[in-house]
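Structure assessment
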Amino acid sequence: MPVLVAGVDSSTQSTKVVLCEAETGKVVAQAAAPHPSGTSCPPEAWWTALSRAGKDLLERAAAVAVAGQQHGMVVVDDEGEVVRNALLWNDTRSAPHARSLITELGGPAAWARTTGSVPTASFTVTKLRWLAEHEPANAARTAAVLLPHDWLTWKLGSAGYVTDRGDASGTGYYSPADGTWLPTHLEAAFGRTARLPRVAAPGAAVGETPWGAILAPGTGDNMGAALGLGLRPGDVAVSLGTSGTAFTVSENGSVDPSGAVAGFADATGRFLPLVCTMNAARVLTAATSLLGTDLHGLSALALSAPPGAEGLTLLPYLDGERTPNRPDANGVLRGLTSSNATRANLARAAVEGMLAGLAEAVNHLGGTPQRVILIGGAASNEAVRLIAPEVFGVPVTVPRAAEYVALGAARQAAWALTGDLPDWAAAPGETFSGTSQPVIRQQYRTLRDETEKWSAQ
Ligand SMILES: Nc1ncnc2c1ncn2[C@@H]1O[C@H](COP(=O)(O)OP(=O)(O)OP(=O)(O)O)[C@@H](O)[C@H]1O
Ligand SMILES: O=C(CO)[C@@H](O)[C@H](O)CO
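Residues numbered from 1 in each chain as written. Chains lettered and ligands numbered in written order. Predicted model: local features only at pLDDT ≥ 70, side-chain atom pairs only at ≥ 80, totals over all residues. Heavy atoms only, no water.

This part takes up the overall build of the chain. The number of helices and strands found in the chain is 15 helices and 24 strands. For the chain, the C-alpha radius of gyration of 21 Å lies close to 23 Å, the compact-globule estimate for 457 residues. In terms of principal-axis extent, the alpha carbons of the chain reach across some 65 × 55 × 40 Å. Evaluated residue by residue, the chain yields a buried proportion of 60% over its 457 residues. Carbon together with sulfur atoms contributes 51% to the accessible area of the chain, which is approximately 17200 Å² in total. Distance between charge centroids for the chain: 2 Å, based on 33 positive and 41 negative side chains. (Helix = DSSP H or I, 4+ residues; strand = E, 2+ residues; numbered from the N terminus. Rg over C-alpha atoms; globule rule 2.2 N^0.38 Å. Buried < 20%, exposed > 50% of the residue type's maximum accessible area, 1.4 Å probe, protein only. Areas by Shrake-Rupley, 256 points an atom, 1.4 Å probe, with all protein chains shown as cover. Lys, Arg positive; Asp, Glu negative; His and termini not counted. Charge placed at Lys NZ, Arg CZ, Asp CG, Glu CD.)

And the structure:
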């Protein structure tokens, strides 16, 4: 009987669990369970989802690791009780706190140099400032601050409070370059110190589950995806989940004072420069509501319209955006005329708007990639696959459908179990090529720049 390991992806909309052979990475079983919607969530709901998705799977594993949505603020008291609902990465209430913290601690360049990133409302540090200001009683009760994956790892067994450098690098109070917490940043935001998890070395064994499986440190979901894909320097991955992310692995940390590129650490001891948008797969679901169709129907409609949707452009910043940093923005539809007002053009504008935001994200990472690797829920959409090369201007490879975040966590679990990062075979993929259609990005950029002054007002 092959030895099995389990990987968990506790992401924004759901928990996914995969059970794999430790030696080869072959998936022998998988399951998923949904999370409640919204931008704040009781951590117990993630535990319930993990218990449901992991039923009959986790206990077959000799090692387990959890990858989770980055940045979420989980605050617990002295007894380990959760103090309030977690605020998630896509909760924008702390946008003003991000602005004041940037100013107070030396400006964007100083933040990028010290923490690798210029914080937006997504970063944990800004959420702690919000908590201190708006809920002083809850802030006073807070003994320790964890990330979603830290809390789940703690719930799974004897690891205690532990994290890894990948997820720690999304807090705003950790130095990815030095591998140390930055208590000055935490104190500046929160008004006092709080207990933080220990930062485990990549691939360390950090504890045991009640059934005797090894616990690995886990990581953030994007770091998990990089591990699951076996991403190498030079590759660029784009994930179209609830968030849209573009990232690459690098031997060196990145420092971007503009704030577009977050200089995260990865889960292997390297770095993960990443650009995140808040509007990806949900742009398509919003479009299905407008059009009275499903995701399949949306795809067929989009593919029946020409590139540029006859001048109809959707700037898809539905509930605020992070790149560009417009936390208070909403979506804007521009260029509607009596002749282009078709369902097909609207469907195409939604797909193009989402992809154009990600193409800009790829640009921020620098250089022109040879190809883009497309993953996440919306990568299974046919229109997305076919239109993506037109927008990115390079071929797009969609690896075989799999839960790459959970797979990355499973690979880390195998690492903790055996002491070696296993060399699982890269998933074969389908590559899509197409003629670059610059009109799509021109329309997006024009509308993005025109609306900039609205967000400044
Ligand atoms: N065929 C499809 N076409 C378009 N969108 C799809 C399709 N299948 C799934 N999706 C969308 O993918 C999304 C879920 O993707 P995924 O599981 O990658 O998200 P997530 O892990 O919750 O997000 P994140 O990684 O940002 O936390 C849902 O919004 C769903 O509607
Ligand atoms: O905020 C980010 C990345 O910085 C999101 O991708 C979350 O990790 C949710 O997936």
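Anyway, onward from the coordinates.
With that settled, consider the side chain of His71. Within the secondary structure, His71 is located in the loop between strand 5 (63–68) and strand 6 (74–76). Polar contacts involving the side chain of His71 include one to the main-chain carbonyl oxygen of Gly170, which spans 2.7 Å. Among the polar contacts made by the side chain of His71, one reaches the side chain of Arg322 at a distance of 3.4 Å. Beyond its immediate stretch of four places on either side in the chain, His71 contacts Trp89, Ser122, Phe123, Thr124, Lys127, Leu147, Asp167, Gly170, Phe264 and Arg322. (Polar contact = N/O pair within 3.5 Å; in protein donor to acceptor, adjacent residues only side chain to side chain. Contact = heavy atoms within 4.5 Å.)

With 22 residues, helix 12 (residues 343–364) should reach 32 Å at 1.5 Å per residue; the first-to-last C-alpha distance of 32 Å fits that figure. In terms of burial, helix 12 is a largely internal element, 19 of the 22 residues being buried. Just past helix 12, the residue Gly366 takes up positive phi, approximately 90°. (Expected span 1.5 Å × (residues − 1).)

A separate point is the nonpolar core. Membership of the largest hydrophobic core comes to 93 residues, with the highest contact counts inside it found for Val5 and Val64. The greatest single-element share of this core, amounting to 9 residues, is contributed by helix 14 (residues 404–418). Core analysis: the next-biggest nonpolar cluster, separate from the first, contains 54 residues, Ala344, Ala347, Leu374 and Ala388 among them. (Core = buried A, V, L, I, M, F, W, Y, C linked by side-chain atoms within 4.5 Å.)

Around ligand 2, the surrounding shell holds 13 residues, and the nearest of these are His71, Asp221, Asn222, Ser243 and Arg322. Here an oxygen atom of ligand 2 and a side-chain polar atom of His71 are 2.7 Å apart. Contact between ligand 2 and Arg322: an oxygen atom at 2.7 Å from a side-chain N or O atom of the residue. Of all the elements in the fold, those that place two or more residues in the shell around ligand 2 are helix 9 (221–229) and strand 19 (271–277). (Near = heavy atom within 4 Å.)

Counting through the fold element by element, Gly116 comes out in the loop between helix 3 (108–115) and helix 4 (124–134). A relative accessible area of 7% means that Gly116 is categorised as buried. Spatially, the C-alpha atoms of Gly116 and Glu360 are 20 Å apart, while their sequence positions differ by 244 residues. Other than its neighbours up to four places away in sequence, Gly116 contacts Trp111, Pro176, Ser254, Val261, Ala262 and Gly263.

Below, the discussion takes up the site of ligand 1. As a matter of local geometry, ligand 1 sits amid 17 residues, with Thr12, Gln13, Lys16, Thr242 and Ser243 nearest to it. Between ligand 1 and the protein, one listed contact pairs an oxygen atom with a side-chain N or O atom of Thr12 at 2.5 Å. A distance of 3.0 Å is found between a nitrogen atom of ligand 1 and a side-chain nitrogen or oxygen belonging to Asn381. Across the complex, the protein chains shield 80% of the 650 Å² of accessible surface that ligand 1 would expose by itself. Here the shell around ligand 1 is built from residues that sort into 4 nonpolar, 11 polar and 2 charged. (Nonpolar A, V, L, I, M, F, W, Y, C, P; charged D, E, K, R; others polar.)

As a further point, take unusual backbone geometry. Going from Thr323 to Pro324, the amide bond is cis rather than trans, its omega being 5°. Locating Pro324 in the fold gives a position in the loop between strand 20 (313–315) and strand 21 (332–334). In this model, His71 sits at a positive phi of 75°, which is unusual for a non-glycine residue. One non-glycine residue, Ala309, lies in positive phi territory at about 50°. With respect to the element layout, Ala309 can be found in the loop between helix 11 (295–303) and strand 20. Note on Ala309: relative accessible area 0%, which makes it buried.

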